[in-house]
Every structure is written in C-alpha cells, then in structure tokens.
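Coordinate analysis (summary)
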2 protein chains.
Amino acid sequence: MDDRIERLQRRSAKNEGILSLAGGLPANELFPRQKLASAFLSVVSRPNCEALQYGWPEGSEGLRKWIADRLRGRGADVSPDDVIVTSGAQQALAIAVELIGIDGRVVATEEETYPGALDLFRDRGAKTASASRATNADAACIYVVAGASNPRGLPLSELRRAELLASGRPLLVDEAYAELRFDGYVAPPFLVDARDRTFHIGTFSKTLCPGLRVGWLVAPPELAADALRVKRDLDLQAGSMAQAVVEGYLALDDFDQRIVRARKTYASRAGRLVRALRRYMPEARWVEPEGAFAVFVETDLEGVDEAHALAIANAHGVSYDPGSMFRPGAALDPFGFRLCYSSRTGEEIEEAVQRLARALGEVRARKAA
Amino acid sequence: MDDRIERLQRRSAKNEGILSLAGGLPANELFPRQKLASAFLSVVSRPNCEALQYGWPEGSEGLRKWIADRLRGRGADVSPDDVIVTSGAQQALAIAVELIGIDGRVVATEEETYPGALDLFRDRGAKTASASRATNADAACIYVVAGASNPRGLPLSELRRAELLASGRPLLVDEAYAELRFDGYVAPPFLVDARDRTFHIGTFSKTLCPGLRVGWLVAPPELAADALRVKRDLDLQAGSMAQAVVEGYLALDDFDQRIVRARKTYASRAGRLVRALRRYMPEARWVEPEGAFAVFVETDLEGVDEAHALAIANAHGVSYDPGSMFRPGAALDPFGFRLCYSSRTGEEIEEAVQRLARALGEVRARKAA
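Residues numbered from 1 in each chain as written. Chains lettered and ligands numbered in written order. Predicted model: local features only at pLDDT ≥ 70, side-chain atom pairs only at ≥ 80, totals over all residues. Heavy atoms only, no water.

1. Let's talk about unusual backbone geometry
A cis amide bond links B:Asn150 to the next residue, B:Pro151, at an omega of 15°. In this fold, B:Pro151 is placed in the loop between strand S5 (141-145) and helix H7 (158-167). Residue B:Pro334 is reached from B:Asp333 by a cis peptide bond, and omega for that bond is -10°. Phi is positive for A:Ala330, which is not a glycine, with a value near 60°. Structurally, A:Ala330 is set in the loop between strand S11 (321-322) and strand S12 (336-340). Judged by relative accessible area, A:Ala330 falls into the partly exposed class, the value being 36%. The phi angle at B:Cys49 is positive, at roughly 60°, despite the residue not being glycine. Along the chain, B:Cys49 turns up in the loop between helix H2 (33-44) and helix H3 (61-73). By relative accessible area, B:Cys49 is classed as buried at 2%. (Helix = DSSP H or I, 4+ residues; strand = E, 2+ residues; numbered from the N terminus. Buried < 20%, exposed > 50% of the residue type's maximum accessible area, 1.4 Å probe, protein only.)

Structure (structure tokens):
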C-alpha cells in the first residue's frame, strides 16, 4: 500500500471529526460483552488454569469439535482432528501459502478481493492476477472469499463455483463472511466438492469479534501434518485464553440466533448506504450487496491520485479504503473505493455519504481545472 | 521430533498418574488470576471496545511504551515505535528468520537450546549447528537464549557474549527467561552493544502467563518496516484482548514485585530438584541452574532409544523432554533429558526424581541384558 495512504488512514483513525467507512470492522454494538465477561470469569477460575497455560498447537479440543460439527452440518466430511485453530483467518492463509509454495508463481483471485491476502501473496513472491480460465491453469492456487465477498458483499455465482472446481488447482477458500449473507443462505463449503485440494479458512472475527484472533484452517488431508508443523513454527498455538473465552461464550449463547441478529443489523446498514449512494452519488457504479460489510464503488474518473483524493475526503470529514488495494493488479482506474457500512449507524452512513459526495465533487473539479 | 515421542508426550499429558517434568510451563500458582480478571472486566466495558476490535499490526501503544521503557531502563536506545507486539516470542523468531533468509544456510546456537527455535530453523531449510568461531563466520545468524538459558538455566558467560558480539553476524536474542535469574541480576540487552544487528525477542509467557500469547520483537532499525510487513502478513496483529488484558494488569500490579516472587518460587523448586538429583541419581551429570525453569541432565548411557526410554519412564509415572530435542545436531548421545521444575511443587519434584531413578535403572538393566 502507498505509504501516504497508510499515513492518512492512521491519522484519520485518531480524528474523531472523521466518519470512517474504512477497515471492515464489525459493529461494536453486536459484541456480546456481558457474555464474554462471564465466559472469561468462568474459564480463568478453573483450577487447571488451561486458559492461562500453554496448549497444543492444533488448538482446544472443544473448539475444534464445534467447528467440525458446524462444517459437518453443511455436508463436509470433517472431524475435529482435521481442524487447526489459527490466530485469525490471516494466519490460516499464511499457513496455506507456505504449504503450497507461491514464490515466483501466479495466485489467481476475484477482480477485487481482500487486501490482506493480496499483500501476503505479493510479499511471498507471487504475482496476483484476476482469475480466468487462462490464469487458473497456471496458478499456484486460487483464492476466493466465498459466501459473501470482500469488498463487494456478493455471493459466488454457480458458474464461477463450477469453474473453480473444474480448475483442478488448490483452492484457498476464505469463509470470513460466509455466514453473513442477509438472506441467511449459507452455501455448502468447497470441502464438500474438493476436500483434497481445498484450504478451508474460517474465523470468529466477523461473527463474534476480531480482538480475540481466533480462526481456523482445514487443510487437504495429505498436508494436514505439515500444516500443523507450520502453525507450531509460526506461533506455537492460538491464544489459550482467547480460545477458552470463545468456547465459554459458545456454551452461554445461541450462536445461530446471534448470526441472525448480525445479518439483520448489517442488512439494515447496507440498505442505508445503498439509499444514500442513490441519492447523493447517483453517478457512482456499484452492485447492491447481498451480505458481508461493504460496497465497492467505482466512479467515472480515471488517473486520480488515490492519496490526494483520500486527503480531500479526510478534509471533508470522511474516510474509506482506496480501490487499488482490492485489485490484484493494483489498478488505479477506474477510481473507486470500498465503503464499509458495518461499524456505522444509519445516520452516520447518511452523513458520511453526503461528505463523500462533496469530496468527490472537489476531486472532480480539481481534475477538470 | 520423533513421532513416537510426540505420541507418548500427548498420552502422558492426559494421564494424571504421571508426574510430568516436561513442557517448560510456568507455575499455575503464580498466575495473577484475580488481577487478570479485574483487568479483563475493565477493558471489556470500555465504550470504544478496543479490546474486542481490530488493532494496528504493531500492537497497542501503551504496551509498546511499557516494553520500550523497560528496555531503556536497561540501557538500550529503544522507542515505542521500535517495538512490535507479537503473538508470543515464537512469532518474533519466525519474523526474524523470514527477514534474514536462512534457507540452505547455517543457524548457529548453543550446545543445547530451545526446541521450538530448532524446529523453526530446520523447517525453514537451515542447518542448525553449535556456535563456534568457525560456524559463526558462515552462519546466517546466531540464536541465543540470553540471561538464563533453556534447557540449562545458565547465564551467558562474558566470554561467550564477547564472541557473539565479535561475530558480526545477525543475533537472534531470546530473552524469554532473562528476568528470571534467581539472583535478580538482569544483564544488559544485546541491543545496547549491537542495535543494528540484534533481533531482540521478549515475552510475557514465562513472567506473566503463556495463554495470552503476548511477546515482542525489536528488529534492527533498517529492517523495522519489513518486520512490521511480515507481522501483518502472518496474522494481522497480536490479540487486542490479550494486549489490553496485559496492559490493564500492568496498571494494577507491581510487575517487579511479581518477578521477585517468581524468582523465589523457581529458585526454591530448582533447589528441590538439585537436591533430589544428588540423592537419587548421583551418577547423573548436570550443572546447577542459576535461573529459568529447568535442569538439563546427561547420563553415562549411549545408544539409548529415546522413545523406548520415555515409555519406560511413563510406565514408572514420570515424564520429561528427551535430550536430542535440544541439540542442534539432534544427537542422541550421551542419553539425557530436560527436567522442568517450574510447574511442580517440591514434593512432586522429589517423587518424580525417585520415579525417574527407578526408570533409569530399568533402562540401564535392559541395555545390559
């Protein structure tokens, strides 16, 4: 990422006058603080101190069972022993690319995708490219955010799913948002159709809270032992306390009901953003999201300096994630950005889009000048 | 590690009839459970939810300041911006080797050292070898557990320190046990003498608790930006909640007093182990530890199958970590093992050593047969 953009984002995060639509943060209002506190108190007082001690690299047995049960409920042939609890979904990705070996090779992704994955692939020496029949054939692996995409919040089409399965390539399937489709539909995991070459990646970051850093990886069976070795090399184990708190929380709450509430909140916020875009930025191009946290917006502008435009937006009191971050070729054109509605109230969204529309007007005027 | 040994260790961990001297666990009795619970309750109720949300890859500002202040107090020129909070010391090591590039090269270590580091170095394609003037000259880097070593609990000699500094090679300095010398002396960090090629690695795992997974890395200044990039690629950030709990805890307690108590507990347990070894295993060779968690014991036996011997020990109701795990060349001879006194009471230590002496008698008898 452009250093100037990083500096702007860090500065704007500290500025309470700026309404940020950046960052992909879940809604603070949805964090089950009481129940997490109860879970913590319960696990910290256990005489064996398992929440504070070292644990095994694969993670807690109870949590792996919960994850495996949930995947089995969706048709996948997965046992608790197939699951590695990771320090968030990002680590699951890092383990997967270590096992695949991507240095000097191509990693294929959607037209726009999760920047943390693109950064990882590039830093590990891969060339990132949009998936296509031609790219897929050569690719070291194909990365896809399944269920509801980042940054567009769209499900994978049946055609696309079939293409990925037909590619024969290793699939990195990131289900960070898979349970957060507004209509409640959760597609079968790729594990059902391609168990032997799917790296299934999940996380509690979007559905529970990111600050615990608890995710998971189900690797192809023949790489499972190597995956565990890499996990141990990277950080020994996911946090014992974080895992115990999640497990304790799951025993105290109805997770499915929680997801239902979360979908409702995010759907409502998505609706506010969509209406505000129609009203205040009618010229922008975007597709109505069907889940997840954000809308990816493109404009008719080309050749815009993204850092310059972001500085103008910040001056107007709004922030977002510039579009090139999400593009495998890091393309600047057409000028676009991701707007996250997830952590903002309806009123904030409405206000932020008005500020953004004014900022875009200024970007346009300066370009024309 | 030998798969048979891993299976035995996993099985014995579940067997309450086995007194384990394996694993390097801090004493459960020393975990400040009340204060950690208070810290958790305080941070989870803050309106900004920072303990539950995403944070920056470098970690929390308050914690980095605490770490930098402590290092500055020991003479190092380190600011909070130089510190990266990591998911434990193991991750700091993983970041360091990623930056150095060790594939196909030699990593030099002490004659015996931390197995998690040896595994990482080997899995990343390095050859591990005992440090010597000859080895050091070629080495990609030199790894040392400073202050009090693992597995021997011994400080680095002044001569050895001077040799390491004279080597001119990158130094991976693991201070996991540096504050846990029984006499309270904490040597100046290598950062004081070799800021430009020291990867300084620290952790709360031994002094507070390992289940939070909070460690830190101070990289050479010219690699600091790259270190942060690697950290972000690996898992985005250390746990927000874990960091907030540590920070909250540090505000509630006198950490230095805590360390004083920990040293006393571990010194007393070390004394019990040493006396038991003298009494029940007079033929064993070892050096009296001056800090940390363990004693490394060597016997006069050679050619012992470590898994076989461990199975015999388990049958006698005791467990330990086999010696080859700690040796850079994975040498089996002389037959030896690490005995951790850290998580056992004096009575348990006494009983465990008696069982071990009987087990060794059986190993010896079977060899002679």
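Next comes the rest of the description.
2. Quick notes on the relation of the copies chain A and chain B
Turning chain A through 180° and shifting it by 0.0 Å along the axis lays it on chain B, with an RMSD of 0.0 Å. Here the transformation between the copies is reduced to the relation of a two-fold axis. Interface residue correspondence from chain A to chain B reaches 100%, placing this contact among same-surface, isologous pairings. (Least-squares fit on C-alpha atoms with pLDDT ≥ 70 in both. Contact = heavy atoms within 4.5 Å.)

3. Some remarks on the sheet that holds strand S6 (residues 171-174) of chain B
Residues and elements named next belong to chain B. An order of S2-S8-S7-S6-S5-S3-S4 is seen for the 7 strands of this open sheet, with the pairing classed as mixed. Strands with a single pairing partner mark the edges of an open sheet, and in this sheet they are strand S2 (83-86) and strand S4 (127-130). Averaged over all pairs of adjacent strands, the angle between strand axes in this sheet comes to 25°, irrespective of strand direction. As paired strands, strand S3 (residues 106-109) and S4 are joined by 4 bridges and run parallel to one another. For Val107, the partnering residue across the bridge sits in S4 and is Thr128. (Pairing = 2+ DSSP bridges. Axes fitted to C-alpha atoms, helices over the stretch in contact; angles between N-to-C directions.)

4. Quick word on the packing of helix H4 (residues 88-100) of chain A against helix H5 (residues 115-123) of chain A
Residues and elements named next belong to chain A. The geometry of H4 relative to H5 is characterised by a closest axis approach of 11 Å and an angle of 30° between their N-to-C directions. On the basis of the axis angle, H4 is roughly parallel to H5. In this structure, the crossing between H4 and H5 has a hand that is right-handed. For the pair H4 and H5, contact is made by Gln90, Leu93, Ala94 and Val97 and by Gly116, Ala117, Leu120 and Phe121, respectively. Split by residue class, the contact of H4 with H5 holds 6 nonpolar, 2 polar and no charged. (Parallel < 35°, antiparallel > 145°, perpendicular 65-115°, else oblique. Left-handed = near helix turned anticlockwise from the far one by under 90°. Nonpolar A, V, L, I, M, F, W, Y, C, P; charged D, E, K, R; others polar.)

5. With respect to the packing of aromatic side chains
Taken as a whole and judged by the stated rule, the model has 21 aromatic pairs over all chains. Ring geometry for A:Phe296 versus A:Phe326: centroids 5.8 Å apart, planes at 70°, classification edge-to-face. Of the two residues, A:Phe296 sits in strand S9 (residues 294-298) while A:Phe326 sits in the loop between S11 and S12, which places them 30 residues apart along the sequence. Residues A:Phe296 and A:Phe326 agree in their burial class; the two are buried. Among the aromatic residues, those joined into a ring-pair cluster are A:Trp66, A:Phe204, A:Trp216 and A:Phe255. Positioned over the ring face of B:Trp56 is A:Arg10, at 4.3 Å from the centre of the ring. (Phe/Tyr/Trp six-rings, centres within 6.5 Å; stacked < 30°, edge-to-face > 60°. Lys NZ or Arg CZ within 6 Å of the ring centre and 35° of its normal.)

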